[in-house]
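Letter by letter, the chains look like this.
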Amino acid sequence: MPKLVCELMAMIMMVLAKSDTSNIGVCCVCVNATSRIHSALRSHRYTGSSTFFTGADRFDTFDRNGPLIFNSEYAITSDAGLGNLRAAVAEAAWMTGLERNSDIVMMASYAPLFVNVNDRRWKVDAIVYNASVSYGTPSYWNQVMFASTARQASFLNYFELNVTTSTGSYIRRHREVHHRRHDNSLADTPQTAASVTMSEVAKGRRKVFVKVANWGTAAELTTNLADMQGGKVEQAELSQMQGSDPVAENTLENPTSLSPVSSPATISGNSTVTISLPQWSVSVLTITVSHP
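Residues numbered from 1 in each chain as written. Predicted model: local features only at pLDDT ≥ 70, side-chain atom pairs only at ≥ 80, totals over all residues. Heavy atoms only, no water.

A. Spatial organisation of unusual backbone geometry. With an omega dihedral of -5°, the bond running from Ala111 to Pro112 counts as a cis peptide bond. Along the chain, Pro112 turns up in the loop between strand E3 (105–110) and strand E4 (114–116). Positive phi values are uncommon outside glycine, yet Trp280 reaches one of about 60°. In this structure, Trp280 sits in the loop between strand E15 (272–277) and strand E16 (281–290). (Helix = DSSP H or I, 4+ residues; strand = E, 2+ residues; numbered from the N terminus.)

B. Spotlight on the packing of aromatic side chains. In total, this model carries eight aromatic pairs according to the counting rule given. Plain terms: the ring middles of Phe52 and Trp94 are 5.4 Å apart, the flat faces sit at 50° to each other, and that makes the pair tilted. Of this pair, Phe52 sits in helix H2 (residues 49–54) while Trp94 sits in helix H3 (residues 85–100), and the two are 42 residues apart along the sequence. Both residues of the pair, Phe52 and Trp94, count as buried. Measuring from ring centre to ring centre gives 5.1 Å for Tyr140 and Trp141, while their planes differ by 75°; the resulting arrangement is edge-to-face. Of the residues examined, Tyr140 reaches a relative accessible area of 27% and is grouped as partly exposed. Grouping aromatic residues by their ring pairs yields a cluster made of Phe52, Phe59, Phe62 and Trp94. Sitting over the face of the ring of Phe52, Arg45 holds its NZ or CZ atom 5.6 Å from the ring centroid. When the ring centre of Phe146 is taken as origin, the NZ or CZ atom of Lys211, which lies over that ring, is 5.5 Å away. (Phe/Tyr/Trp six-rings, centres within 6.5 Å; stacked < 30°, edge-to-face > 60°. Buried < 20%, exposed > 50% of the residue type's maximum accessible area, 1.4 Å probe, protein only. Lys NZ or Arg CZ within 6 Å of the ring centre and 35° of its normal.)

C. Spotlight on the environment of Leu252. Looking at the element boundaries, Leu252 is found in the loop between strand E12 (232–242) and strand E13 (261–264). Once residues within four sequence positions are removed from consideration, Leu252 is found in contact with Val117, Val128, Asn130, Val133, Ser134 and Tyr135. (Contact = heavy atoms within 4.5 Å.)

D. Region of interest: the sheet that holds E12. Read across the open sheet, the five strands follow the order E9-E10-E16-E12-E13; overall the sheet is antiparallel. Of all the strands in the sheet, just strand E9 (192–202) and E13 have a single pairing partner and so form its edges. Neighbouring strand axes in the sheet, compared pairwise and without regard to direction, differ in orientation by 20° on average. Pairing analysis gives four bridges linking E12 to E13, with the strands arranged antiparallel. (Pairing = 2+ DSSP bridges. Axes fitted to C-alpha atoms, helices over the stretch in contact; angles between N-to-C directions.)

E. Region of interest: the pattern of salt bridges. For the structure on display, the rule yields six salt bridges. Between Asp60 and Arg100 there is a salt bridge, with its nearest N and O atoms 3.1 Å apart. Of this pair, Asp60 sits in the loop between H2 and strand E2 (68–76) while Arg100 sits in helix H3; the two residues are 40 residues apart in sequence, bridging distant segments of the chain. Of the two residues examined, Asp60 and Arg100, each falls in the buried class. (Salt bridge = Lys/Arg side-chain N within 4 Å of Asp/Glu carboxyl O.)

F. Structural detail: the pairing of E15. Bridge count for strand E11 (residues 219–224) against E15 is six bridges, and the pairing is antiparallel. Its bridge partner lying in E15, Ala219 is registered against Leu277. With three bridges connecting them, strand E14 (residues 266–268) and E15 associate as antiparallel partners. Within E15, the position partnered with Thr266 by the bridge is Thr274.

G. Up close: the side chain of Arg100. The class of Arg100 is buried, set by a relative accessible area of 2%. A polar contact of 3.1 Å, which involves the side chain of Arg100, links it to the side chain of Asp60. Polar side-chain contacts of Arg100 include one of 2.6 Å to the backbone oxygen of Ala194. (Polar contact = N/O pair within 3.5 Å; in protein donor to acceptor, adjacent residues only side chain to side chain.)

H. Here's a closer look at the nonpolar core. One finds Phe53, Tyr74, Val89, Ala93, Trp215 and Val282 to be the most contacted residues of the largest nonpolar core, which totals 36 residues. Those elements that provide at least two residues to this core are H2, E2, H3, E3, helix H4 (138–147) and E16. Here this core gets ten residues from one element, more than from any other, and that element is H3. Residues contacting Val89, with those up to four places away along its chain left out, are Phe53, Ala213, Asn214, Trp215, Trp280, Ser281 and Val282. Counting residues in hydrophobic clusters, the runner-up holds 20 residues, among them Ala219, Ala265, Leu285 and Ile287. (Core = buried A, V, L, I, M, F, W, Y, C linked by side-chain atoms within 4.5 Å.)

I. Region of the structure containing the sheet that holds strand E6 (residues 134–136). The sheet built from three strands is open, its strands ordered E4-E5-E6 with mixed pairing. The strands lining the two open edges of the sheet, one partner per strand, are E4 and E6. For this sheet, the mean inter-axis angle between neighbouring strands, taken without regard to orientation, is 20°. Looking at chain direction, E4 and strand E5 (residues 127–129) are connected through three bridges and run parallel.

Laid out in structure tokens, this is it:
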């Protein structure tokens, strides 16, 4: 690679690295690299939904001092139809892993983006259109839901998610070690994948964002913020995309049949929020917390 191009990409990476770490980015491997910014692993991921479900924790154990990661393209392709719900839930599970590990996964991009229904060359695209109308696939709505709540996970020392299903309860714990490292107690429970981030929106007020993909049986999620330095939950809003048929798709005639719906979440006391997790659902819970 030409040295000038490499240096330019390194400069871009240094800007990204010093900004919001939820922006997931890297340059390619450069000759005689003297900085970690100069080296990265580039990864494509086009495969079936089961691989995305089981691979949601792929980056959890990566060396935090090793190369950065650029997941330059990803999408479910083998069992996604023309963009179905199952694919979106699987991709959301994968995206929680990207976000949870964004101290090393510095950039990621869903692909492809657009397709004309009269010239379809790839089965799955985020946005489908003809000469007069368009719609977003469920995978497109994933991107909208995640992007609208992408924040830096500052001040997050301990956070507990309790997922209860018909077969028992499972605890997922997140601890902050270099932004978003965590202890994942649900690693052997292939039903949900989650990430937790936080942003300070004003002095004394923070927002916590909990993202959960559920492809197992219906469940209930309880968040406990009791250890957050005396914080009190002021408001909790849920954005959720779900459906009973995993192969259901949006169409030009029904463009938003699978899209996020917003509703208030249940608050108990000062620190507990509870939501339902239907099977085949993607949920983004936004919790506003005040501090004395």
